[in-house]
Amino acid sequence: MDSLLRKKIENGDELCPADLKRLLLLENQEDLQILYQAAYKMKLRHIGNKVSLRGLIEFSNICTKNCYYCGIRKGNHAVQRYCMTPDEILAEAETAWKWGLGSVVLQSGERSDRDFTDFVEQIVREIKRISNGELGITLSCGEQSEEVYRRWFEAGAHRYLLRIEAGDPEFYTTLHPADHSYHDRKQCLKTLKRCGYQTGSGVMIGLPGQTVDHLVTDLLFFRELDLDMIGMGPYIIHKDTPLAVQFPDFQQKTEFQLTAALKMIAVTRLFLKDVNIASTTALQALRDDGRELGIQAGANVIMPNVTDTSFRSSYQLYQGKPGVNDAPESGMTDLKKRLDAIGETILFNTWGDSPHFRKY
Ligand code: SF4
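From a predicted model like this one, the values you see are computed outputs, not experimental measurements.

Some thoughts on the site of the ligand
Every residue near the ligand is listed here: Cys63, Lys65, Cys67, Tyr69, Cys70, Ile72, Arg73 and Gly109. Considering only residue class, the shell around the ligand consists of five nonpolar, one polar and two charged.

What about the side chain of glutamate 110?
Structurally, glutamate 110 is set in the loop between strand S3 (103-108) and helix H5 (114-130). Here lysine 65 takes part through its side chain, which lies 3.4 Å from a polar atom of the side chain of glutamate 110.

Things to note about the layout of surface pockets
The calculated volume of the second largest pocket comes to roughly 420 Å³. Along the wall of the second largest pocket there are 21 residues; nearest its centre are Gly206, Leu215, Phe256, Ala260 and Lys263. Breaking the lining of the second largest pocket down by element, the ones donating at least two residues are helix H3 (29-46), helix H9 (212-224) and helix H11 (254-272). It is H11 that contributes the most residues to the lining of the second largest pocket, five residues altogether. Class assignment of the residues belonging to the lining of the second largest pocket gives a composition of 11 nonpolar, seven polar and three charged.

Overview of the packing of aromatic side chains
Inspection of the entire model under this criterion finds 11 aromatic pairs. Between phenylalanine 59 and phenylalanine 116, the aromatic rings sit 6.1 Å apart at their centres with planes inclined by 15°, giving stacked as the arrangement. You can see phenylalanine 59 sitting in strand S2 (residues 55-60) and its partner phenylalanine 116 sitting in helix H5, a full 57 residues away along the chain. Across the pair, phenylalanine 116 and phenylalanine 59 agree in class, each one buried. Aromatic pair phenylalanine 116 and tryptophan 152: ring centres 6.5 Å apart, planes at 75°, arrangement edge-to-face. Note that phenylalanine 116 is positioned in helix H5 and tryptophan 152 in helix H6 (residues 146-155), a separation of 36 residues in sequence. Taking the relative accessible area as the measure of exposure, phenylalanine 116 reaches 2% and is therefore buried. Taken together, the ring pairs in this structure connect Phe59, Phe116, Phe119, Tyr149, Trp152, Phe153, Tyr160 and Tyr197 into an aromatic cluster. Lying across the ring of phenylalanine 271, arginine 223 places its NZ or CZ 4.2 Å from the centre.

Focus on unusual backbone geometry
Of note in the backbone geometry, glutamate 165 takes a positive phi value of approximately 70° without being a glycine. One can find glutamate 165 in the loop between strand S5 (159-161) and helix H7 (169-175). For lysine 273, which is not glycine, the phi dihedral falls at a positive 65°. One can find lysine 273 in the loop between H11 and strand S9 (276-279).

Things to note about the environment of threonine 241
Positionally, threonine 241 belongs in the loop between strand S8 (229-234) and helix H10 (242-246). Setting aside chain neighbours within four positions, we find threonine 241 in contact with Tyr68, Tyr69, Cys70, Gly71 and Arg73.

Some words on empty space enclosed by the protein
One pass over the structure, following the stated rule, counts one cavity of 30 Å³ or more. Each pocket or cavity is described by its volume, and for the largest cavity that value is around 30 Å³. In terms of lining, the largest cavity is formed by Ile9, Glu10, Asn11, Gly12, Ala38, Lys41, Met42, Arg45 and Leu270. Listing elements by their share of the lining of the largest cavity, those giving two or more residues are helix H1 (3-11) and H3.

Observations regarding the packing of H1 against H3
For any two helices packed against each other, one specifies the inter-axial angle together with the distance between the axes. Relative to each other, H1 and H3 sit at 25°, their axes nearing to 8 Å. By the criterion of interaxial angle, the relationship of H1 to H3 is roughly parallel. Contacts from Arg6, Ile9, Glu10 and Asn11 in H1 reach Ile34, Leu35, Ala38, Lys41 and Arg45 in H3. Here the contact of H1 with H3 is composed, by residue class, of four nonpolar, one polar and four charged.

Brief notes about the nonpolar core
In terms of nonpolar packing, the biggest core is built from 104 residues, with Phe59, Leu106 and Leu139 touching the most fellow members. Counting residues per element, this core draws most heavily on H11, at 11 residues. In this structure, leucine 106 is in contact with Ile57, Phe59, Ile89, Ile123, Val124, Ile127, Ile137, Thr138, Leu139, Ser140 and Cys141, ignoring residues within four places of it in sequence.

Some words on the pattern of salt bridges
Applying the stated rule across the entire model yields 32 salt bridges. A salt bridge links aspartate 213 to lysine 21, with the shortest nitrogen-to-oxygen separation between them at 3.0 Å. Of this pair, aspartate 213 sits in helix H9 while lysine 21 sits in helix H2 (residues 17-24), and the two are 192 residues apart along the sequence. On the accessibility criterion, aspartate 213 (40% relative accessible area) is partly exposed. For arginine 129, the salt bridge identified is with glutamate 126, shortest N-O distance 2.8 Å. A residue pair is termed a helical-turn pair when its members lie 3 or 4 positions apart in one helix, as arginine 129 and glutamate 126 do in helix H5 at three residues. Among the charged side chains, a salt-bridge network with shared partners connects Arg114, Asp118, Glu121, Arg125, Glu147 and Arg151.

Reading the values: the criteria
- Residues numbered from 1 in each chain as written.
- Predicted model: local features only at pLDDT ≥ 70, side-chain atom pairs only at ≥ 80, totals over all residues.
- Heavy atoms only, no water.
- Near = heavy atom within 4 Å.
- Nonpolar A, V, L, I, M, F, W, Y, C, P; charged D, E, K, R; others polar.
- Helix = DSSP H or I, 4+ residues; strand = E, 2+ residues; numbered from the N terminus.
- Polar contact = N/O pair within 3.5 Å; in protein donor to acceptor, adjacent residues only side chain to side chain.
- 1 Å grid on protein atoms, 1.4 Å probe; cavity = no way out; pocket = protein on both sides within 12 Å on 5 of 7 lines; lining within 4 Å.
- Points joined across faces, edges and corners; volume = space filled by probe spheres on them.
- Phe/Tyr/Trp six-rings, centres within 6.5 Å; stacked < 30°, edge-to-face > 60°.
- Buried < 20%, exposed > 50% of the residue type's maximum accessible area, 1.4 Å probe, protein only.
- Lys NZ or Arg CZ within 6 Å of the ring centre and 35° of its normal.
- Contact = heavy atoms within 4.5 Å.
- Axes fitted to C-alpha atoms, helices over the stretch in contact; angles between N-to-C directions.
- Parallel < 35°, antiparallel > 145°, perpendicular 65-115°, else oblique.
- Core = buried A, V, L, I, M, F, W, Y, C linked by side-chain atoms within 4.5 Å.
- Salt bridge = Lys/Arg side-chain N within 4 Å of Asp/Glu carboxyl O.

Written out as structure tokens, the structure reads:
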């Protein structure tokens with residue numbers, strides 16, 4: 001890395017698209033350590049040595065869409081479909097609350113029928129009621145109308161995750177069928193912000209056909225949309241998907257993908273500075289300590305899965321997802337130990353909102 005670029009990242013200066021590209025192209029171990037350390041310093045400046053947790057509840061794997069990379073796409077008939085009952089969801093939310101997780105993420109496949117939107121609204125209200133309003137709620141339930149987003153917001157949800165998966169419109173079309181619209185998805189992100197949500201998006205890293213220029217476009221997309229939260233993970237193949245069939249020779253190169261994902265986390269932290277960035281479970285799928293490495297590269301959020309183990313094997317967007325059979329309690333104890341070991345403290349009993357959002 002040349003001394004000018006090094007100085008820029010160590011000072012936390014503004015980065016231009018050419019800088020972003022040069023950082024994403026770094027390969028040398030020494031340079032990568034400089035990058036991760038600068039990103040971690042930026043995290044300390046805006047967030048401290050703190051990690052926020054969200055209890056992840058994957059409440060339904062029924063989806064009306066057919067994204068080419070996704071294991072629970074509608075066209076995959078090998079998946080056993082489920083939708084938890086309200087009691088099952090509430091029991092998990094209560095567990096998360098009692099553990100002091102502070103907030104939950106309710107995640108599902110995408111449906112926009114009235115039964116579903118009413119169901120989600122009711123669940124949000126009930127979680128607020130049983131936790132005396134203390135549990136924060138993030139939704140991740142896909143594209144919806146403004147009216148639905150507003151109803152869910154008024155019921156008590158205050159953060160929303162909607163991953164674009166590819167910020168470049170042309171590249172987006174290679175990952176989705178023709179009736180999935182990049183434009184609509186982008187509009188939904190704008191609508192979510194208008195409704196008052198802390199809004200998050202993200203991409204996959206290491207997809208077949210993805211270039212470093214695509215990743216720079218992703219970063220510019222995050223900034224253009226003025227997002228509050230970013231969730232990114234390495235692309236991990238699911239064999240029952242069109243993308244796996246289309247690229248039969250695509251090799252999962254663990255080290256390469258892990259480094260690519262960590263670089264993207266670090267550059268996102270340096271570029272956007274005060275947003276929440278998730279260290280995703282997909283990182284842990286590549287390496288046992290992948291989530292800790294994500295934190296040390298600038299991420300500040302982890303989403304422990306509190307979904308009952310009997311449902312988890314049916315919610316695999318990619319194969320080899322870790323923790324499918326782990327009891328939620330043991331996962332939490334283990335996570336606390338791991339974060340202690342890298343000098344990070346869990347923020348218990350707080351919503352862990354994005355500092356970027358709180359600025360406004
Ligand atoms: S990525 Fe989301 S919307 Fe696309 S098929 Fe999977 S669950 Fe459905």
